[in-house]
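One-letter residues, chain by chain:
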Amino acid sequence: MNNVGNAVTAARIAPAAVVVGIDGPSGTGKSSTSKAVAAKLGLRYLDTGAQYRAITWWMLSNGIDVNDAAAVADAAGKPEIVSGTDPSAPAITVDGADAAAPIRTQEVTSAVSAVSAVPEVRTRLTELQRAIAAEAPHGIVVEGRDIGTTVLPDADLKIFLTASAEARAARRSGELKGKEATDLAATQAALVKRDAADSGRKTSPLAKADDAVEVDTTDLTLDQVIECVVTLVEERRSGTESA
Ligand SMILES: Nc1ncnc2c1ncn2[C@@H]1O[C@H](COP(=O)(O)OP(=O)(O)O)[C@@H](O)[C@H]1O
Ligand SMILES: Nc1ccn([C@@H]2O[C@H](COP(=O)(O)OP(=O)(O)O)[C@@H](O)[C@H]2O)c(=O)n1
């Protein structure tokens, strides 16, 4: 077959790259759903929250006062942050060091909203996120707070996950070890406080894009959420969305 024939055949076989943004507050199932959907559909995966956690961890590790926006802004370009996009083994390094564990500590979780509110931090990470998405050969699932509104406004599909604060706290608490896991009320209060900070900030707040599909996961199993999103992606790809 000549080159034109090969190109036509290839075009028939390989679906066009698809970009999916999944936003929502903590504990709605963004990471679990995004990784599973990316793996099922042969897409790359990006955890933008891990990048905000990584830069926060760097600030804390280097003695920057995370509540001093000017100091955080001055240092925003210093850490080298590299994200792996394999959904089966997402990785993140900071200045060459594996940051997967330290970015999940309570210290980082308590500081990340302050760092994430600094415009220079958001500008830098948004540029990085867009570059990673552009490099994904078959497409990518990108999860966060502002993917559909700011980072990838032209995404092929935008999902906004929600769930009751109680359900989200119970899920998060189920992940925590020891004392934290038993103090459900404290976990819920911390989640609600972080949601408010993320939604209330001036620069690219946590928000549902007007063209995002909202999925309330409160009474759904994780598998049901994954199946729902896979179906939405496949419908968007084939242009056969249900009315
Ligand atoms: N629909 C669901 N039902 C029950 N548990 C869920 C559901 N979605 C996620 N989980 C669990 O809740 C915890 C938080 O999920 P995660 O994907 O990390 O949420 P997010 O990324 O939105 O914070 C994980 O232990 C996950 O397995
Ligand atoms: N696109 C994003 C992703 C995360 N973030 C910030 O990073 C924090 C941690 O994000 P995360 O996704 O790891 O948090 P969880 O939803 O997993 O609890 C959020 O609370 C936001 O403050 C952001 O500002 N923008």
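For the structure, check the block above.
Here the residue numbering is sequential within each chain, running from 1 through the sequence in written order. Both sets of labels track the order of writing: A upward for chains, 1 upward for ligands. Per-residue local features of the predicted model are confined to residues with pLDDT of at least 70, and side-chain atom pairs are confined, for both listing and counting, to 80 or more; whole-chain, interface and lining totals are unaffected and use all residues. With hydrogens and water excluded, all non-hydrogen atoms of the structure serve as input to the side-chain values.

### What to know about the sheet that holds strand β3 (residues 81-83)
Strand-to-strand pairing in sheets goes through backbone hydrogen bonds, with the strands running parallel or antiparallel.
Next up, step 1: As summarised here, the arrangement of the three strands in space is β3-β4-β5, forming an open sheet in which the pairing is antiparallel. Edge strands, defined here as strands with exactly one partner in the open sheet, are β3 and β5 (97-98).
Next up, step 2: In this structure, strand β4 (residues 92-94) lies alongside β5, joined through two bridges in antiparallel fashion. Directly across from V94, in β5, lies its bridge partner A97.
Next up, step 3: In the packing of helix α3 (residues 48-61) onto the sheet, contacts are made with β3 and β4, and the angle to β4 comes to roughly 25 degrees. Note on pairing: DSSP must find at least two bridges between two strands before they are called paired. Only DSSP runs of H or I covering at least 4 residues are called helices, and only runs of E covering at least 2 are called strands; the numbering of each starts at the N terminus. Two residues qualify as a contact provided that any one of their heavy atoms is within 4.5 Å of a heavy atom in the partner residue. Convention adopted: a line fitted to C-alpha atoms gives each axis, helices being fitted over their contacting stretch, and angles between N-to-C directions are expressed from 0 to 180 degrees.

### Let's talk about the site of ligand 2
Next up, step 1: We call a residue near a molecule or strand as soon as one heavy atom of that residue lies within 4 Å of the molecule or strand. Residues in contact with ligand 2 amount to 18 residues; listed here are only the nearest, S26, R53, R122, R194 and D198.
Next up, step 2: Separating an oxygen atom of ligand 2 from a side-chain N or O atom of S26 is a distance of 2.6 Å.
Next up, step 3: Each accessible area is a Shrake-Rupley estimate made with a 1.4 Å probe; only the visible protein chains count as cover when residues are assessed. Bound to the protein, ligand 2 loses 98% of the 530 Å² it would expose on its own.
Next up, step 4: Counting only elements with at least two residues in the shell around ligand 2, the list comes to α3, α5 (106-116) and α10 (184-200).
Next up, step 5: Per-element tally for the shell around ligand 2: the top contributor is α3, with four residues.
Next up, step 6: The classification used treats Ala, Val, Leu, Ile, Met, Phe, Trp, Tyr, Cys and Pro as nonpolar, Asp, Glu, Lys and Arg as charged, and all other residues, Gly among them, as polar. Looking at side-chain class alone, the shell around ligand 2 contains two nonpolar, six polar and ten charged residues. N or O atoms closer than or at 3.5 Å make up a polar contact, with two conditions inside protein: a donor-capable atom paired with an acceptor-capable one, and, for residues adjacent in sequence, both atoms drawn from side chains.

### Observations concerning the packing of α5 against α10
Next up, step 1: Orientation of α5 relative to α10, taken along the N-to-C sense of each, is 20 degrees, at an axis distance of 9 Å. The angle between the axes of α5 and α10 places the two elements in the roughly parallel class. Note that α5 runs across α10; the crossing there is left-handed. Along its contact with α5, which presents T109, V112 and S113, the element α10 presents R194, A197 and D198.
Next up, step 2: For the contact of α5 with α10, the per-class residue count stands at two nonpolar, two polar and two charged. Roughly parallel here means an angle under 35 degrees, roughly antiparallel means over 145, roughly perpendicular means 65 to 115, and every remaining angle is called oblique. With the far helix as reference, a near helix turned anticlockwise by less than a right angle produces a left-handed crossing, and one turned clockwise produces a right-handed crossing.

### What to know about a negative patch on the surface
Next up, step 1: Exposure above 30% relative accessible area and the absence of a salt bridge qualify a residue for a patch, where like charges join within 9 Å and nonpolar side chains (Val, Leu, Ile, Met, Phe, Trp, Tyr) within 5 Å. By definition here, a salt bridge exists when the distance from a side-chain nitrogen of Lys or Arg to a carboxyl oxygen of Asp or Glu is within 4 Å. This count recognises Lys and Arg as positive and Asp and Glu as negative, with His and chain-terminal groups excluded. Every charge is mapped to an atom, namely NZ of Lys, CZ of Arg, CG of Asp or CD of Glu. Side chains of D65, D68, D74 and E120 sit close together on the surface and give a patch of like negative charge.
Next up, step 2: Looking at the element boundaries, D65 is found in the loop between α3 and α4 (69-75).
Next up, step 3: Since its relative accessible area comes to 45%, D65 is described here as partly exposed. Three exposure classes are used, based on accessible area relative to the maximum for each residue type with a 1.4 Å probe and protein chains only: buried under 20%, partly exposed in between, and exposed over 50%.

### As for the side chain of R53
Next up, step 1: Tracing the sequence through the fold places R53 in helix α3.
Next up, step 2: No salt bridge is formed by the buried R53; the nearest opposite charge belongs to D47, separated by 6.7 Å.
Next up, step 3: Polar side-chain contacts of R53 include one of 3.1 Å to the backbone oxygen of I103.
Next up, step 4: R53 has contacts with I103, R104, V108, T109, V112 and R194, leaving out every residue within four places of it along the chain.

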